[in-house]
Amino acid sequence: MTDTPTAQSTHGSGPFIAAIDQGTTSSRCIVFDRDGRIVAVDQKEHEQIFPKPGWVEHDAAEIWANVQEVVAGAIGKAAQDVPGFTPADVKAIGITNQRETTLLWDRHTGEPVHNALVWQDTRTDALCRELGRNVGQDRFRRETGLPLASYFAGPKIRWLLDNVEGLRERAEAGDILFGTMDSWVIWNLTGGVDGGVHVTDVTNASRTLLMNLHTLDWDEKILASIGVPAAVLPQIRSSSEVYGTTSVGGLADVPVASALGDQQAALFGQTCFAQGEAKSTYGTGTFMLMNTGETPVNSYNGLITTVGYRIGDAAPVYALEGSIAVTGSLVQWMRDQMGLISTAAEIETLASSVADNGGAYFVPAFSGLFAPYWRDDARGVIAGLTRYVTKAHIARAVLEATAWQTREIADAMTKDSGVELTALKVDGGMTSNNLLMQTLADFLDAPVVRPMVAETTCLGAAYAAGLAVGFWPDTDALRANWKRAAEWTPRMEAADRDREYKHWLKAVQATMGWIEEEH
Amino acid sequence: MPGHIQSLERAAAILRLLAGGERRLGLSDVASSLGLAKGTTHGILRTLQQEGFVEQDPVSGKYQLGAELLRLGNSYLDVHELRARALVWTDDLARSSGEAAYLGVLHQQGVLIVHHVFRPDDSRQVLEVGAMQPLHSTALGKVLAAFDPVAHSEAAEGERTALTGRTVTTAEDFEAVLELARARGWAADLEETWEGVASVAAPVYDRRRMPVGAVGITGAVERVCEGTEIRARLVAAVRDCARAVSRDLGAGRF
């Protein structure tokens with residue numbers, strides 16, 4: 001059978017914006033058109049290196065090779081699929097990246113001095129406790145908005161300086177450059193040893209524990225306390241401006257025009273430009289960010305204060321961030337460890353076979369309780385078991401766990417910011433789970449909205465780059481691109497919600513104090 | 001004994017051999033174990049390999065059981081898996097067509113909507129996931145009835161209520177509609193279910209080329225139709241989407 005010939009390409013014609021997503025497991029490049037629709041995608045995974053338990057590294061040279069490959073790949077696919085496409089139709093390229101992953105390299109050779117230390121790497125746990133001195137993990141919170149935790153870049157730099165032979169001397173002599181993955185990619189894109197620009201954006205800098213949230217500059221006192229020489233640090237720039245130009249992957253002098261940490265990029269891609277707007281990305285774990293406007297809001301409820309984005313010379317926009325360690329990974333656990341389902345999607349089938357949780361509650365505190373509790377003596381609990389409970393009830397409790405944890409973060413955000421959540425914009429793999437999305441709307445008592453573009457992270461980087469070169473005039477034009485694909489509205493009775501929430505909180509209490517000795 | 005096919009018996013013997021003992025066997029091991037000529041054994045192994053029942057290790061050249069065998073015993077496609085695979089493609093369909101997109105599967109005597117993407121305008125819309133639609137009058141239903149034999153018998157034997165003046169109700173006319181759908185590879189509903197509403201849908205196949213669902217768009221007849229026909233551009237968009245989802249489910253290019 002022959003196809004009906006398509007008269008015109010469904011993707012229209014150029015110009016276009018490209019975005020690189022340098023993520024934890026892979027690097028991707030996506031080309032978008034003016035409506036924010038995907039024209040071409042290319043992706044390549046890189047190796048996860050585990051030298052010891054708790055240590056996670058990436059080979060930065062491999063990552064840079066992959067980035068060049070996926071840019072060329074996406075450009076090639078666009079040339080194939082879009083009639084008349086030339087690389088000159090790409091008006092700017094933006095970058096979004098795995099946050100906090102830390103690299104030091106030699107500015108003269110462009111060679112990394114060590115594998116990059118990935119955000120999940122916990123080798124700086126002891127160092128962070130030591131840096132907390134008598135104050136504890138909130139020692140730098142007022143300046144940086146962050147707790148002293150092993151995720152963040154500053155202590156990772158210190159570890160490298162302490163543990164790579166001769167590195168501190170070379171760093172102090174100005175021969176070594178530090179960067180999170182945005183800096184590494186931009187430096188290489190703009191020429192590397194041949195005049196590459198050494199910059200980072202405010203959102204990435206806000207995850208180093210080294211930047212003062214109020215001045216948006218490196219904090220000299222903290223640099224001295226952690227032991228990081230200022231000579232290694234990149235210049236902090238806005239998230240949306242032209243840093244330089246690139247000619248990799250067949251591009252010709254294309255402006256490199258944005259950088260945003262991945263979760264901030266998703267906030268931008270979801271067009272959460274007004275105070276109180278929030279997005280939540282449901283993957284293995286979940287990250288929820290709320291735009292809190294032009295002043296940083298201190299958290300007293302276990303959230304992180306971070307920069308949301310900054311467009312050129314405009315005032316910076318701050319965000320509160322709450323993360324949930326175990327969401328999608330709980331479904332994977334049900335599949336791989338428990339064998340109760342054979343694919344992740346089946347959790348919905350199993351959960352839908354019963355009308356409620358049968359009295360069971362599942363608190364997946366596998367490595368302690370995170371926001372808003374921060375209790376590392378907690379461990380996972382399935383509470384409320386009776387002979388009536390079946391695996392279907394447990395499946396339901398699994399989905400409810402993600403929804404209740406989101407509710408707890410939302411409550412903490414409301415307490416800290418004084419702003420009530422009016423709607424939640426969602427993205428990520430778990431948004432295909434209809435029962436979960438409905439449960440989320442029910443538990444939050446607010447509408448849950450899914451946009452039409454699933455790739456909000458790359459889209460955010462593309463938007464910021466496009467704004468910088470005038471491809472889009474302003475954020476209103478971006479808002480007009482945002483299309484609602486689905487909306488779930490709350491259907492739960494208030495009394496039921498209150499009762500269930502009370503049970504959930506009781507189950508949370510039951511997890512605490514399981515580990516008797518704190519390290 | 002009439003009815004016994006020697007090559008099938010030999011194929012079964014090869015599968016049993018690969019299922020027990022050493023998992024990977026070379027061609028000569030298989031041939032000598034079963035007392036067959038190498039040429040005969042190779043022919044059977046190659047056929048089994050084409051069907052996915054046997055896989056050959058590219059390095060050692062040895063044979064082992066294929067993934068298809070495992071799937072045979074567990075072949076039911078979860079509708080939520082189907083939705084997860086269809087998500088990006090149906091988003092794109094709604095965007096490129098400007099209409100609401102739906103994914104439906106056979107459920108009892110009707111079409112169960114398992115996924116719904118809003119029309120990309122700012123109008124208020126209600127999520128219709130979980131709703132049932134009639135098999136005999138909607139584009140999704142006709143596609144299922146035309147391509148899935150189980151859906152066909154449900155639609156043929158069930159009651160075909162006249163929902164509008166244009167609903168096809170007689171058996172003969174209904175079969176002619178399905179015949180047209182099979183010939184074209186898609187089906188339409190021109191105000192046959194709801195006044196003023198038209199839709200177009202195409203079949204989604206899994207890796208074994210079984211029809212597992214239908215994907216389509218629905219909208220005001222003024223937008224979706226040109227004269228008395230669905231706009232060719234929209235038909236193409238729906239079929240592109242159905243092909244993309246099928247490809248994602250592992251169906252070969254077609």
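Fair warning: this is a prediction, and the values are worked out from it, not measured in the lab.

Conventions adopted
Residues take numbers from 1 onward in each chain, read along the sequence in its written order. Chains carry letters and ligands carry numbers; both start at the beginning, A for chains and 1 for ligands, and go up in the order they are written. Local features in a predicted model are, by the rule used here, given only for residues with pLDDT of at least 70; side-chain atom pairs are given and counted only at 80 or more, and totals for whole chains, interfaces and linings are based on all residues. Values reported for side chains reflect all heavy atoms of the structure, with hydrogen atoms and water molecules removed beforehand. Strands here mean DSSP runs of E at least two residues long; helices mean DSSP runs of H or I at least four residues long; both are numbered from the N terminus. Contacts are assigned to residue pairs that have any heavy atoms within 4.5 Å of one another. UniProt positions are given in the numbering used here, feature names are shortened, and annotations may be inferred rather than shown by experiment. Three labels apply to residues, based on accessible area from a 1.4 Å probe with only protein chains included: buried if under 20% of the type maximum, exposed if over 50%, partly exposed otherwise in between. Should DSSP find at least two bridges between two strands, the strands are regarded as paired. Only C-alpha atoms enter the line fits that serve as axes; for helices the fit covers just the stretch in contact. Angles between N-to-C directions range over 0 to 180 degrees.

Colleague: Explanation requested: the environment of N433(A) in the structure shown.
Modeller: Relative to the elements of secondary structure, N433(A) occurs in the loop between strand 21 (424–427) and helix 13 (434–444). Separated by 89 residues in sequence, N433(A) and A344(A) place their C-alpha atoms 9.6 Å apart. Not counting residues within four places of it along the chain, the set of residues in contact with N433(A) comprises I347(A), E348(A), L399(A) and R83(B).

Colleague: Just to check I follow, could you spell out the UniProt feature "binding site: glycerol" (unreviewed entry) in chain A for this structure?
Modeller: Residues and elements named next belong to chain A. Within the UniProt annotation, "binding site: glycerol" (unreviewed entry) is assigned to R99, E100, Y151, D262 and Q263. Aside from chain neighbours lying at most four places away, what touches R99 is W119, N204, R207, G261, D262, Q263, Q264, F287 and E321. Assignment of secondary structure puts E100 in the loop between strand 5 (90–97) and strand 6 (103–106). Judged by relative accessible area, E100 falls into the buried class, the value being 5%. Beyond its immediate sequence surroundings of up to four residues, E100 is in contact with L117, W119, Y151, F152, A153, K156, T180 and R207.

Colleague: What is the right way to read the sheet that holds strand 13 (residues 240–246) of chain A from this model?
Modeller: Two modes of strand pairing occur in sheets, parallel and antiparallel, and in both the strands are linked by backbone hydrogen bonds. Residue and element names in this part refer to chain A. Taken together, six strands build an open sheet; the order of strands is 3-2-1-5-14-13 and the sheet is mixed. Looking at which strands have only one partner, the edges of the open sheet turn out to be strand 3 (38–45) and strand 13. On average, each strand axis in the sheet is tilted by 25° relative to the strand beside it, whichever way the strands run. By the bridge criterion, four bridges tie strand 13 to strand 14 (residues 254–261) in an arrangement that is antiparallel. In the strand pairing of strand 14, S240 is matched with S258. Here helix 9 (residues 262–269) sits on the sheet in contact with strand 5 and strand 14, set at roughly 105° to strand 14. Lying on the sheet, helix 14 (residues 456–468) is in contact with strand 1 (16–22), strand 2 (26–32), strand 5, strand 13 and strand 14; it crosses strand 14 at an angle near 130°.

Colleague: Explain the UniProt feature "binding site: sn-glycerol 3-phosphate" (unreviewed entry) in chain A here, please?
Modeller: Residue and element names in this part refer to chain A. UniProt's entry tags T24, R99, E100, Y151 and D262 with the feature "binding site: sn-glycerol 3-phosphate" (unreviewed entry), counted in the numbering of this structure. Mapped onto the elements, T24 comes out in the loop between strand 1 and strand 2. On the accessibility criterion, T24 (16% relative accessible area) is buried. Excluding anything up to four places from it in sequence, T24 contacts H46, Q48, H58, Q98, V118, W119 and Q120.

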